Amino acid sequence: MNIELACSDTVLVNKFRSLENFNDVAGLLEIKGKILYKILLSRKKKNYVEFTIKKRSGKERIIHSPKKNLSIIQKKFAYVLSIIYNNHSNSHGFVKGRSIVSNAEKHIQQRNILNFDLLDYFHSFNFGRVRAMFKTYFNFNDDVASILANICCHYKGFLPQGAATSPIIANILTNKLDKNLSELARKYKCVYTRYADDITFSTSNVRFPTEIAYRRDYNSPTVLSDKVMSIVQRNGFRVNKDKTRLKNHYANLSVTGITVNEKLNVKRSYVRHIRTIIHCIEKNKSDGNLKRAEEIFNEKYNFRQRKHGNHPKMFDVLRGMISYLGQVKTKEDPVYLKLARRYNEIVKDLDEPSIYISLDMSKIQEKNTFVIESLSYDIVEDDEKHSIQTGQGTAFLLKGIGLITNAHVISKFIELIDLEMEAPKIKLHRSKYSLGQPSKYVEVKYYNKYKDIAILSTDGLDIKKLGFESNEKIESDMLVHIIGYPEYVHEMDISRRDAKIIGERKTLPHNGKSEVRYEVSQTIFGGNSGGPVVNTENEVVAVAVKGQGIHPNEVIPISEVKSVFDKKEKIW
């Protein structure tokens, strides 16, 4: 059985919306009907393996893991749902691009924070509820709703933890709760988020609104208001009263395990824990007795046994703990960097993966961003000497693709190429960051006038290893940095300006087709055209294109660059 779906997303969406019967479902999942029938009906009681894992509290959680064939079907269906369903903006669990970190970020430096959990979250969703969701939310008939619910649910009638479909099904079924609690939060000037079953309200006000929750005095338990309890119960959930707490900023405030009083942070005990494990490994390794370090680790840190009772591997756990620290405190944090380097020193002569430590973000920007100066270039046409001139712009090196800029910056060169004439090479350099190094001279490889993209040659540059990483995710309210050399003067510093993505735009149509743009909140000055627009992880999400005057400040999504490259376009 193929793991990947062969159809395009557009075809999958159309197939999903047209489901009428069993064969349609089998076709959507690209599996023979008789095989799907066998898995869902003939073998339904043999589809899952059951095991337990320990929770942090020490109690056990039962996991129902689907066997191979059902697992493939569920993964395919989960992908289809992911391209159909738009998660609520305040839901951060099991959503691509969101995490416990993005969930906690919403509550930094708030005066009061309320946390509470939903009781037996996944077991709140039974077969009938899942089936009803497919009928009402997606408007499927009874037969299709039953088939899809059978794919997602355990044969005993509940949503299994361990199935690939369970997270997104749970989010869809919790969408109305998110809407109701978000409305309540807005009404009383609070911030609301949810990560799976973990719900958080916070406010910058001195007093937390009693219309949401309250405590009679400092030592009394937190009580959720009748409004909150009514909304939760009306949506088919129950509150875990043992995990309901309201705290103010004088206490240690945490959201999904991350401290949020002043900035995102982990508990001090977490860092001490990492240091203790590293010290134990360093000591025993220097004594030539690494096995003893593993024994001590298994004795002291046997807090989360894996499937079938096996001990988690020491280096896997340690690497994961350090990586999580970097995710929360950022990969530039000195504590993270020091611990990551100590770990890498330990494993450098062992058969264990190291932790990738990137260059400082600013160094990556300086190394991979180039100036295109406004210069004259001599050409010979009909035995007569002429000159052409580039506009002043910016270019950048994108890993796996090449040097990128706007087509309008080097339009005179592209016009020559389009007329099958020889164009001179274009001079690039990195301002003050390449002093003492020769300038690069590059040629135009691919271009698209309407997308305003040009891709240049990269002679002498290993684009498999060098350049910015990219990320096609771009959306409204995303924080970005516009990098480049606006209004360039000799040996100037690289420009870095913060901005927000405002929303999607379209160019005027050409031959009935418009190109995608995104508007940004920051002015794009002359000379910054062609520069990289990076997200908070320093991944290029767009290319700066225009601004100033009557023009809105626009950027081109990086997916358009990849399209020009993949198709090897030469459109003028």
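Residues numbered from 1 in each chain as written. Predicted model: local features only at pLDDT ≥ 70, side-chain atom pairs only at ≥ 80, totals over all residues. Heavy atoms only, no water.

## What to know about the sheet that holds strand β8 (residues 239–248)
At step 1: Strand order in the open sheet formed by 4 strands is β4-β5-β3-β8, and the pairing between neighbours is antiparallel. Of all the strands in the sheet, just β4 (191–195) and β8 have a single pairing partner and so form its edges. Put simply, the sheet's adjacent strands are angled 15 degrees from each other on average, direction ignored.
At step 2: With 5 bridges connecting them, β4 and strand β5 (residues 198–203) associate as antiparallel partners. The residue of β5 that forms the bridge with Tyr-195 is Asp-198.
At step 3: Lying over the sheet, helix α9 (residues 175–187) contacts β3 (112–118), β4 and β5, oriented at roughly 155 degrees with respect to β4. (Pairing = 2+ DSSP bridges. Helix = DSSP H or I, 4+ residues; strand = E, 2+ residues; numbered from the N terminus. Axes fitted to C-alpha atoms, helices over the stretch in contact; angles between N-to-C directions. Contact = heavy atoms within 4.5 Å.)

## Quick word on unusual backbone geometry
Apart from glycine, the bulk of residues carry a negative phi angle, and the bulk of peptide bonds sit in the trans form.
At step 1: With phi around 65 degrees, Phe-94 is a residue other than glycine that occupies positive phi space.
At step 2: Take Phe-94: it is sitting in the loop between α4 (68–84) and α5 (100–105).
At step 3: Owing to a relative accessible area of 38%, Phe-94 belongs among the partly exposed residues under this scheme.
At step 4: Phi is positive for Asn-511, which is not a glycine, with a value near 55 degrees.
At step 5: Turning to its location among the elements, Asn-511 is positioned in the loop between β21 (495–506) and β22 (516–520). (Buried < 20%, exposed > 50% of the residue type's maximum accessible area, 1.4 Å probe, protein only.)

## Some details on the nonpolar core
At step 1: Phe-16, Phe-77, Phe-116, Val-130, Phe-134, Phe-201 and Ile-212 are the most contacted members of the largest nonpolar core, which totals 66 residues.
At step 2: The element best represented in this core is helix α7 (residues 142–152), accounting for 7 residues.
At step 3: Apart from the residues lying within four places of it in its own chain, the contact partners of Phe-116 are Asp-197, Asp-198, Ile-199, Phe-201, Leu-224, Val-228, Val-232, Val-239, Lys-243 and Thr-244.
At step 4: The next biggest cluster of nonpolar side chains, apart from the first, holds 36 residues, and it includes Val-260, Ala-293, Leu-339 and Val-347. (Core = buried A, V, L, I, M, F, W, Y, C linked by side-chain atoms within 4.5 Å.)

## Focus: the packing of aromatic side chains
The description of two aromatic rings rests on the distance between their centres and on the angle between their planes.
At step 1: Enumeration according to the criterion identifies 23 aromatic pairs in this entry.
At step 2: Arranged with centres 5.3 Å apart and planes meeting at 90 degrees, the rings of Phe-16 and Phe-138 form a pair that is edge-to-face. Of this pair, Phe-16 sits in helix α1 (residues 9–17) while Phe-138 sits in the loop between α6 (127–136) and α7, placing them 122 residues apart in sequence.
At step 3: Judged by relative accessible area, Phe-16 falls into the buried class, the value being 2%.
At step 4: Following the ring pairs from residue to residue traces out a cluster consisting of Phe-16, Phe-77, Tyr-85, Phe-134, Tyr-137, Phe-138 and Phe-140.
At step 5: Looking at Arg-129, its charged tip hangs above the ring of Phe-237, at a distance of 4.7 Å from the centre. (Phe/Tyr/Trp six-rings, centres within 6.5 Å; stacked < 30°, edge-to-face > 60°. Lys NZ or Arg CZ within 6 Å of the ring centre and 35° of its normal.)

## Digging into the environment of Asp-418
At step 1: Mapped onto the elements of the fold, Asp-418 is located in helix α16 (residues 411–418).
At step 2: C-alpha separation for the pair Asp-418 and Thr-203, spaced 215 residues apart in sequence, amounts to 59 Å.

## Quick word on helix α3 (residues 33–42)
At step 1: The complete set of buried residues in α3 reads Leu-36, Ile-39 and Leu-40. The buried residues of α3 occupy an angular sector of 85 degrees when the element is viewed end-on, so they sit on one face. More than 90 degrees from the buried face of α3, the exposed residues found are Lys-34 and Ser-42.
At step 2: Turning to α3, the residues buried within the fold contact α2 (22–28), α4 and α7. (Arc of directions from axis to C-beta.)

## Thoughts on the state of the cysteines
Disulfides are covalent bonds that connect the sulfur atoms of two cysteines.
At step 1: Tallied over the full model, the rule gives 0 disulfides.
At step 2: There is no disulfide at Cys-7, and the cysteine sulfur nearest it, in Cys-152, is 19 Å away.
At step 3: Cysteine Cys-152 remains unbridged, with the sulfur of Cys-153 as its closest cysteine sulfur at 6.3 Å. (Disulfide = S-S within 2.5 Å.)

## Some points on the packing of α1 against α4
At step 1: α4 packs onto α1 with a crossing angle of 95 degrees between their chain directions and a minimal axis gap of 10 Å. One element, α1, and the other, α4, form an angle in the roughly perpendicular class. Across the interface between the two elements, Asp-9, Leu-12, Val-13 and Phe-16 from α1 touch Phe-77, Tyr-79, Val-80, Leu-81, Ile-83 and Ile-84 from α4. (Parallel < 35°, antiparallel > 145°, perpendicular 65-115°, else oblique.)

## Section: empty space enclosed by the protein
At step 1: For the structure shown, the criterion picks out 1 cavity of 30 Å³ or more.
At step 2: Counting residues per element, the ones that place at least two in the lining of the largest cavity are β3 and β8.
At step 3: For the lining of the largest cavity, the leading source of residues is β8, giving 3 residues.
At step 4: Residue classes in the lining of the largest cavity are distributed as 3 nonpolar, 2 polar and 2 charged. (1 Å grid on protein atoms, 1.4 Å probe; cavity = no way out; pocket = protein on both sides within 12 Å on 5 of 7 lines; lining within 4 Å. Points joined across faces, edges and corners; volume = space filled by probe spheres on them. Nonpolar A, V, L, I, M, F, W, Y, C, P; charged D, E, K, R; others polar.)

## Some points on α1
At step 1: Every buried residue of α1 is listed here: Leu-12, Val-13 and Phe-16. Projection of α1 onto a plane perpendicular to its axis shows the buried side chains occupying an angular sector of 100 degrees, all on one side.
At step 2: Lining the buried residues of α1 we find α2 and α4.

## Side note on a positive patch on the surface
At step 1: A cluster of basic residues, Lys-38, Arg-43, Lys-46 and Lys-67, forms a positive patch at the surface.
At step 2: On the secondary structure map, Arg-43 appears in the loop between α3 and β1 (48–54). (Patch = residues over 30% accessible without salt bridge, like charges linked within 9 Å, V, L, I, M, F, W, Y side chains within 5 Å. Areas by Shrake-Rupley, 256 points an atom, 1.4 Å probe, with all protein chains shown as cover. Salt bridge = Lys/Arg side-chain N within 4 Å of Asp/Glu carboxyl O. Lys, Arg positive; Asp, Glu negative; His and termini not counted. Charge placed at Lys NZ, Arg CZ, Asp CG, Glu CD.)

## Brief notes about the pairing of β21
At step 1: With 6 bridges joining them, strand β20 (residues 479–484) and β21 adopt antiparallel strand pairing. Paired with Leu-479 across the strands is Lys-500, a residue of β21.
At step 2: Strand direction decides the pairing type here: β21 and β22, joined by 5 bridges, are antiparallel. Residue pairing for β22: Glu-504 is matched across the bridge by Tyr-518.

## Remarks on the pattern of salt bridges
Note on pairing: side chains with opposite charge can pair once their charged atoms come close.
At step 1: For the coordinates displayed, the defined rule picks out 25 salt bridges.
At step 2: As a salt-bridge pair, Asp-142 and Lys-135 come within 2.8 Å of each other at their nearest N and O atoms.
At step 3: The partly exposed category is assigned to Asp-142, whose relative accessible area is 39%.
At step 4: Glu-299 is the salt-bridge partner of Arg-292, the closest N and O atoms lying 3.7 Å from each other.

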